[in-house]
Amino acid sequence: MGGRPHCCGLGHPSLLVFGSGILFSLQGASFKFVEPRGVGALEAIWVRGLIQLLGSTLVLLLRPHARETLAAAYPLKMWLLLRAVAGYGGIFGSFMALERLSLGDAAALLFVAPCISTLLAWLFLRERMSGQELLGVLGAACGIVLIARPPALFGDVGVPISVAGVNLALFGATCAGLVVVLVRKLAQQLEWPVVLIAQAIGQVVLSYPASVALGRSWTIPTDANVVLAMVGGGLCALGGQIALTIGLKGTRVGPASALRTSNMLMSFILQVIVTPSEALHWLSVCGALIVAGSCVLVAIAKMHRSSTKALASSDGAIKSLEPEQASSKLEGVSLQLMTLPSEHGATA
């Protein structure tokens, strides 16, 4: 009998997915620590990209057949370029939003990426949207409104939130939603370190030109605590990417999406600890809960649709097999259903 996929001895896959959310929230907290000390979003992205580039390259070189893996990536260079640009857009939006929003608000708004990708697929790829997915998209929209709390609807309720920050976070979430399509294409033909290297190159190459284009100063930190915090944030991002990628190999899409809410939960906790001046607002918390529930609903709906298609496609083949062959076929289908990919795996 086949078993559930393991994660290279690194721990239970569900724990890896849960832990990845915590690591990504620590990355955001590290930026909130260095920002008041003169470090901007683009410098932080550059350091993050450099650490990811070095780490992913090391992982790739330690693998067997590294040269063949790199050779296989060349025919897909345009796809990798698109992944780098779209991924940079997602990371750019998230870090620029963090300059203007609290940790919790930014994390909640960025979490809507699966709902946005579902909407984009329906609009441009003519993919069918189920009633559950539509409900999830509408729920996410309501959650965004609660977090943004526009004065036209809520008046002067609490501290006003930055409209530019909301727009940047939604831009980042939209780019992350676009990355989903690209990762689906690349994951079928390339190993994950190659995809992460492409993403990292985009961060390293594009950050300084973006700073010049936006007329921002480029700060080189000299304080040891700031440097350590930036390096720590980059290592958290790299660890989060690896943990999420490996963990998703053995976690179904529904539970994986629920476990990824650890990012939002930890972001709100770290907001209280790292930036106590940014008080929690009850509308933000309510909006974050609605966004989380909506995205999990969309993920479960996609899992149900994918499992239905997998069972339907194998039904005809199973009926024509002998009993022993049919049993083996069913076991393979069950294993496939346990490891359906999650859209949350395509982090920007």
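This write-up is about the structure you can find in this document.

### Here we look at the overall build of the protein
Per the secondary structure count, the protein includes 15 helices and zero strands. Looking at the protein as a whole, 49% of its 348 residues are labelled buried. Accessible area of the protein: about 16,600 Å², with a carbon and sulfur share of 69%.

### Quick look at the nonpolar core
Nonpolar side chains tend toward joint burial in soluble globular proteins. In this structure, Phe-31, Val-34, Phe-95, Leu-101, Leu-109, Val-112 and Met-264 are the most contacted members of the largest nonpolar core, which totals 52 residues. The leading source of residues in this core is helix 4 (residues 77-98), at seven residues. Leu-60, Leu-76, Leu-190 and Val-195 belong to the second-largest nonpolar core, a separate cluster that totals 10 residues.

### As for the layout of surface pockets
Roughly 280 Å³ of internal volume is contained in the second largest pocket. In terms of lining residues, the second largest pocket is bounded by 17 residues, among which Ser-102, Asp-105, Arg-149, Val-159 and Ala-279 are the most central. Split into classes, the residues belonging to the lining of the second largest pocket amount to seven nonpolar, six polar and four charged.

### Regarding the packing of aromatic side chains
Per the counting criterion, the structure on display carries three aromatic pairs. For the pair Tyr-208 and Trp-218, a centre-to-centre distance of 5.3 Å together with 80° between the ring planes defines the contact as edge-to-face. Placement of the pair is Tyr-208 in helix 10 (residues 192-213) and Trp-218 in the loop between helix 10 and helix 11 (224-247), with a sequence separation of 10 residues. For Tyr-208, a relative accessible area of 46% puts it in the partly exposed group. Across the ring face of Phe-33, the terminal group of Arg-37 is positioned such that the distance to the ring centre comes to 3.9 Å. The cationic tip of Lys-77 hangs over the ring face of Tyr-74; the distance from NZ or CZ to the ring centre is 4.3 Å.

What counts as what
- Residues numbered from 1 in each chain as written.
- Predicted model: local features only at pLDDT ≥ 70, side-chain atom pairs only at ≥ 80, totals over all residues.
- Heavy atoms only, no water.
- Helix = DSSP H or I, 4+ residues; strand = E, 2+ residues; numbered from the N terminus.
- Buried < 20%, exposed > 50% of the residue type's maximum accessible area, 1.4 Å probe, protein only.
- Areas by Shrake-Rupley, 256 points an atom, 1.4 Å probe, with all protein chains shown as cover.
- Core = buried A, V, L, I, M, F, W, Y, C linked by side-chain atoms within 4.5 Å.
- 1 Å grid on protein atoms, 1.4 Å probe; cavity = no way out; pocket = protein on both sides within 12 Å on 5 of 7 lines; lining within 4 Å.
- Points joined across faces, edges and corners; volume = space filled by probe spheres on them.
- Nonpolar A, V, L, I, M, F, W, Y, C, P; charged D, E, K, R; others polar.
- Phe/Tyr/Trp six-rings, centres within 6.5 Å; stacked < 30°, edge-to-face > 60°.
- Lys NZ or Arg CZ within 6 Å of the ring centre and 35° of its normal.

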